[in-house]
Amino acid sequence: MASDNASGSRRPIDSALFADFARYFELSLALSEGQRAAVYEVRYRVYCEEFGYEPKEAFLDGRERDAYDDQSLHCLVTHRESRRPAGCVRLVLPEEGDQLPLEEHCADALDPDFMGRFADQRAGICEISRLAVDGDFRRRRGEKATRFGTREDFSFAERERRTFPLIAISLFVASAAGADLYGRPHCFAIMEPFLPVMLRRTGVVFERIGDDFEFRGTRAPYYARVDDLVRNAPDELRMAFGLVRDQFARDLGLGGAAESRALTGARSAA
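Thresholds, definitions, all that
Residues numbered from 1 in each chain as written. Predicted model: local features only at pLDDT ≥ 70, side-chain atom pairs only at ≥ 80, totals over all residues. Heavy atoms only, no water. Helix = DSSP H or I, 4+ residues; strand = E, 2+ residues; numbered from the N terminus. Buried < 20%, exposed > 50% of the residue type's maximum accessible area, 1.4 Å probe, protein only. Contact = heavy atoms within 4.5 Å. 1 Å grid on protein atoms, 1.4 Å probe; cavity = no way out; pocket = protein on both sides within 12 Å on 5 of 7 lines; lining within 4 Å. Points joined across faces, edges and corners; volume = space filled by probe spheres on them. Nonpolar A, V, L, I, M, F, W, Y, C, P; charged D, E, K, R; others polar. Salt bridge = Lys/Arg side-chain N within 4 Å of Asp/Glu carboxyl O. Core = buried A, V, L, I, M, F, W, Y, C linked by side-chain atoms within 4.5 Å. Axes fitted to C-alpha atoms, helices over the stretch in contact; angles between N-to-C directions. Parallel < 35°, antiparallel > 145°, perpendicular 65-115°, else oblique. Left-handed = near helix turned anticlockwise from the far one by under 90°. Polar contact = N/O pair within 3.5 Å; in protein donor to acceptor, adjacent residues only side chain to side chain.

Draft legend 1. Spatial organisation of the environment of Leu-254. For Leu-254, the position within the fold is in the loop between α9 (235–251) and α10 (261–264). Residue Leu-254 is classed as partly exposed on the basis of its relative accessible area of 47%. On a C-alpha basis, the gap between Leu-254 and Leu-181 in space is 8.3 Å, while along the polypeptide they are 73 residues apart. Among residues more than four places away in sequence, those in contact with Leu-254 are Leu-181 and Ala-249.

Now the structure itself:
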């Protein structure tokens with residue numbers, strides 16, 4: 001089975017860019033009813049209105065959701081100045097006997113030998129799912145037209161716009177932090193072809209574990225261990241992971257800012 005690797009492709013991330021991202025955006029867990037509503041509204045705008053992946057008429061309240069949401073940890077990126085939700089992701093934490101979304105949507109594309117390794121480790125698996133970045137935070141400079149008309153209500157300085165790619169990166173960092181806190185070291189994801197390439201360039205490396213398949217376009221299944229994601233990432237990403245993990249631990253009431261097991265590599269291999 002072919003796999004992606006980062007040999008020779010990783011590049012350092014500008015620390016100042018991370019500082020700017022924190023200046024313009026806020027990354028948080030979506031724990032309150034209002035925050036969860038904001039997550040579902042971002043998903044509706046992206047999955048229903050923009051790309052048509054889900055039927056709008058199925059979500060008359062403008063909030064896209066499904067059966068996996070109740071067993072998920074949800075994360076939200078908010079634009080500080082406007083307070084507009086900019087992106088979201090969920091970490092699906094299946095109960096005993098439950099499937100991952102990946103196992104439901106692309107079972108025939110998965111490498112059965114690889115998946116067989118986790119038959120007795122179901123309590124340690126999770127899936128990074130429903131990642132969405134609002135279209136206003138993906139468009140190029142000067143691009144105001146959308147398939148639904150013209151948007152004139154948001155204007156960003158070039159310095160601010162340079163941080164937009166970190167929205168998706170930050171959501172993967174948030175997912176890894178959540179997986180580490182919940183003791184779910186084995187992370188799966190379904191991705192479009194461009195996404196693992198973009199992640200690999202910043203040092204976030206996922207292994208392909210199956211064939212391409214058609215699901216709202218071409219997709220493929222991927223896997224990564226949280227420990228490996230953190231250990232092999234550039235210094236800036238490892239620092240961001242530690243800060244986000246400590247923040248989430250406090251928000252979830254899991255104790256103080258204890259040092260991450262993934263950062264120290266203290267967790268034994270499963």
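Draft legend 2. Here's a closer look at empty space enclosed by the protein. Counting across every chain of the model gives 1 cavity of 30 Å³ or more. In this structure, the largest cavity encloses a volume near 120 Å³. In this structure, the largest cavity is lined by Phe-172, Val-173, Ala-176, Val-204, Phe-206, Leu-229, Val-230, Ala-233, Leu-237, Arg-238 and Phe-241. Of all the secondary-structure elements, those providing two or more residues to the lining of the largest cavity are α6 (165–181), α8 (226–231) and α9. When its residues are assigned to classes, the lining of the largest cavity shows 10 nonpolar, no polar and 1 charged.

Draft legend 3. Representation of the pattern of salt bridges within the structure. A complete count under the given rule lists 24 salt bridges for this structure. One salt bridge connects Glu-64 with Arg-43, and the closest N-O pair in it is separated by 2.8 Å. With Glu-64 in the loop between α2 (33–50) and β2 (72–79) and Arg-43 in helix α2, this residue pair connects regions lying 21 residues apart in the sequence. For Glu-64, a relative accessible area of 0% gives the class buried. For Arg-43, a relative accessible area of 1% corresponds to the buried category. Here Arg-90 and Asp-66 are joined by a salt bridge, their closest N and O atoms 2.7 Å apart.

Draft legend 4. A look at the nonpolar core. Within the largest apolar cluster, 52 residues are counted, with the highest numbers of intra-cluster contacts made by Phe-25, Ile-167, Phe-206 and Phe-248. Counting residues per element, this core draws most heavily on α6, which supplies 12 residues. Ignoring sequence-local partners within four residues, the contact set of Ile-167 consists of Phe-21, Phe-25, Val-77, Ala-86, Gly-87, Val-133 and Phe-137. Counting 13 residues, the second-largest nonpolar core is a separate cluster that includes Leu-102, Cys-106, Ile-209 and Phe-213.

Draft legend 5. View of the packing of α6 against α9. At a minimum axis distance of 9 Å, the contact between α6 and α9 shows a crossing angle of 55 degrees. The orientation of α6 with respect to α9, classified from their angle, is oblique. For α6 against α9, the interelement crossing comes out right-handed. The segment α6 lies against α9, with Ile-169, Val-173, Ala-174, Ala-176, Ala-177, Gly-178, Asp-180 and Leu-181 engaging Leu-237, Ala-240, Phe-241, Val-244, Arg-245, Phe-248 and Ala-249. For the contact of α6 with α9, the residue count by class is 12 nonpolar, 1 polar and 2 charged.

Draft legend 6. Expanded view of the side chain of His-186. Inspection of the secondary structure assignment puts His-186 in strand β7 (residues 186–191). Exposure remark for His-186: the relative accessible area of 4% places this residue in the buried category. Side-chain polar atoms of His-186 contact the side chain of Tyr-223, separated by 2.7 Å.

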